[in-house]
Each structure stands twice: as structure tokens, then as C-alpha cells.
Protein chains: 2
Amino acid sequence: MADEVIFEFLHMEIVDHIHKESSNEEKEQGISKLEALGFRVGQSLIERLTKECSRFKDELDTMKFLCKDLWNLVYKKQIDNLRTNHQGVYVLQDNRFKFLVQMSTGKQYMESAPKYLAFPCGMIRGALSNLGINCIVTAEVSAMPACKFQIQIQRS
Amino acid sequence: MADEVIFEFLHMEIVDHIHKESSNEEKEQGISKLEALGFRVGQSLIERLTKECSRFKDELDTMKFLCKDLWNLVYKKQIDNLRTNHQGVYVLQDNRFKFLVQMSTGKQYMESAPKYLAFPCGMIRGALSNLGINCIVTAEVSAMPACKFQIQIQRS
């Protein structure tokens, strides 16, 4: 059995746990909690992952590392497509995002997708934050199980 | 970097999350929540793990599977010692339990050990429950990072 199922099962249970304990009005708060959890995991992961790395050339180089090394570690695959407008917006597309693969592809299930995307959004934000890049990360599902993560760099 | 760190980081963050949101009186409730989370993860894991397994010979055979296969999957090592009184009590000893290895060995840290042991206790209980064995699982730390899990079978 593949190792990553433990992570997957644990993630599912956390989503479920945080979701269950939130009332309807608090659903958004639940999403924030998952995002915050992902943020801290992302911070820890990138710290370990870059321990013996040389410094990144530029922002794009950092993004490539995320798409390849971080994604591979967590989801056992690379991001399928990376795009940028060269003005601080990056779009990472995963054509078979692991947390969505198990779900039915019907449109009605897309509604529950956000709760499975909060953790990875936070994880990306946490990883980049530890590399000195402040950003806003959002996710969008157009056709299950494909998913786009949009990273908007916040210049100060 | 080893794969299991993701699971480890995620587990640490959950413990932290559940602990932080519980007031002092609710600390025990927090422990129950972690145990329940572990229970469901244990159920899912054992289901996958035994999919292509032949039936276990007896209770002891089941325990051996837990000590070897389940522990290896989750903690990348086997249980170091398995004992039983042949009357429904099993003691599983892990001499270097992963969730405790990172902690300092001072006596004052042993107080915070229980919150790291709730998930694995639940996981054992969930795994056995799915194999038709009802039990109570408790954990005890005598000298960090060694840990004993006691399984008490509940005959009905």
C-alpha cells in the first residue's frame, strides 16, 4: 500500500472534524482553520525540503521548485501546468488533484470541493512565506478532478 | 526527505489545533477528539491493508499483524516488544515512538505526552474494531521516548 494514504486519510478526517464542529455560519471559519493548518505544515515542509538547497534564482525558479519538489513530496506527482502573467500572478494547474480524485465528478459535488482545497492553499502560502514571498492563494475547480491554484504575489 | 514527515507534521498541527481550541476543562474532550480521529484513520488503514490478506488465524496473529504491518506503514518501524497474559491483555512496546522522539526527555515533558498518544490509541482501536475485535486501548510512557500501548479485549 502506498505511504501517502495515511496522509490522505488523516487529511480527510481533519476536514471532516473541523467541518462537523462548525455550524453553518461558521463554515467559513472552518475553511480558515484548515488554511491555517496548511500554512504551518507548508512552513515546516519547505524548511526541511530546502535545507540543503542552494538559493533560488528568482520568483519563477521558486515556483518551479514548488510545482516539482514540494508537490511531488506531498502528492506524488508534479503540477501539470505552470503559467504566469509575469506581473506577480502564477497559476498552477493539477489535472488530477489527489484530494478530488476520490470524489464523484458530478456538478453537485463541486460545492464541497472548497473544504478540500483550503489545506493545500494554506500549504502553498506557508511554503512561499518561509521563502520570503508573501502572497494570496486561491483555488478553483473547473472540471473535477482538475484544479487550479492561483498565487497572487503581495509586493510591499 | 522521508515521506512520513508530512504525516508527522500534519499530526502535530492537529494536536496543536485541537488542544488550542479546548479550554482547561475541555482538555479531556480534546483527547477524545484525537482518539476518535485516530479511530477512523485506523479503520480506513486496516481496510486497505488487509484487502488482499488471508484471514488471521487467531487474536495473537492479528496483534502480530498490527505490530508489524500496520506499525511499519504508519511509523516506519515495527513494535519492539509484544506481550500478552493470554487472557485478553496485550502490551505493545515501542522503544522509540515517533511522536515522542522529537520531544525533550525531561520529566516535565512527560505531562504533555498524552495528547500525542491519543491518536495512536484510537488508531489501534479502529484497526482492531474493523477486524471484529472490540477493545480498550491505553498508553503509558515510562521513559521517553519509549511507550507502551495496552490493549484490553472486551468480550461480549
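Conventions we followed
- Residues numbered from 1 in each chain as written.
- Chains lettered and ligands numbered in written order.
- Predicted model: local features only at pLDDT ≥ 70, side-chain atom pairs only at ≥ 80, totals over all residues.
- Heavy atoms only, no water.
- UniProt positions renumbered as here; feature names shortened; annotations may be inferred.
- Axes fitted to C-alpha atoms, helices over the stretch in contact; angles between N-to-C directions.
- Helix = DSSP H or I, 4+ residues; strand = E, 2+ residues; numbered from the N terminus.
- Parallel < 35°, antiparallel > 145°, perpendicular 65-115°, else oblique.
- Contact = heavy atoms within 4.5 Å.
- Phe/Tyr/Trp six-rings, centres within 6.5 Å; stacked < 30°, edge-to-face > 60°.
- Buried < 20%, exposed > 50% of the residue type's maximum accessible area, 1.4 Å probe, protein only.
- Pairing = 2+ DSSP bridges.

- Chain A goes by Trafficking protein particle complex subunit 6B in an unreviewed UniProt entry, where it is assigned to Biomphalaria pfeifferi.
- On record in UniProt, under Function (unreviewed entry), the comment for chain A is "Component of a transport protein particle (TRAPP) complex that may function in specific stages of inter-organelle traffic. Specifically involved in the early development of neural circuitry, likely by controlling the frequency and amplitude of intracellular calcium transients implicated in the regulation of neuron differentiation and survival."
- Per UniProt, chain A has the following entry under Sequence similarities (unreviewed entry): "Belongs to the TRAPP small subunits family. BET3 subfamily."

Observations regarding the packing of helix H2 (residues 27-49) of chain A against helix H3 (residues 59-75) of chain A
Residue and element names in this part refer to chain A.
Then, number 1: Between H2 and H3, the least distance of the axes is 11 Å, while the angle of their chain directions is 105 degrees. In terms of their interaxial angle, H2 and H3 are classed as roughly perpendicular. From H2, Leu-45, Ile-46 and Leu-49 reach across to H3, where they touch Phe-65, Leu-66, Asp-69, Leu-70, Leu-73 and Val-74.

Looking at unusual backbone geometry
Residue and element names in this part refer to chain A.
Then, number 1: Across the junction of Met-144 and Pro-145, the peptide omega takes the value -5 degrees, indicating a cis bond.
Then, number 2: Mapped onto the fold, Pro-145 is located in the loop between strand E3 (135-140) and strand E4 (147-153).
Then, number 3: The phi dihedral of His-86 falls on the positive side, at around 60 degrees, and the residue is not glycine.

Some remarks on the packing of aromatic side chains
Residues and elements named next belong to chain A.
Then, number 1: Using the criterion set out here, one finds 22 aromatic pairs over all chains in the structure.
Then, number 2: Centroid distance Trp-71 to Tyr-75: 4.8 Å. Interplanar angle 50 degrees. Geometry classified as tilted. In this pair, Trp-71 and Tyr-75 both sit in helix H3, four residues apart, roughly one turn of the helix.
Then, number 3: Relative to Phe-149, the ring of Trp-71 has its centre 5.4 Å away and its plane inclined at 65 degrees; by these criteria the two rings are edge-to-face. Pair noted here: Trp-71 is in helix H3 and Phe-149 is in strand E4, with a separation of 78 residues, a long-range link. Phe-149 shares its class with Trp-71; the two are buried.
Then, number 4: Ring pairs connect the aromatic residues Phe-7, Trp-71, Tyr-75, Phe-97, Phe-99, Phe-119 and Phe-149, which therefore count as one cluster.

Observations regarding the sheet that holds strand E3 (residues 135-140) of chain B
All names here are of chain B.
Then, number 1: Strand order in the open sheet formed by four strands is E1-E2-E4-E3, and the pairing between neighbours is antiparallel. Each having just a single partner strand, strand E1 (81-84) and E3 make up the two edges of the open sheet. The average undirected angle you get between the axes of adjacent strands in this sheet is 15 degrees.
Then, number 2: Here helix H5 (residues 114-130) sits on the sheet in contact with E3 and strand E4 (147-153), set at roughly 155 degrees to E3.

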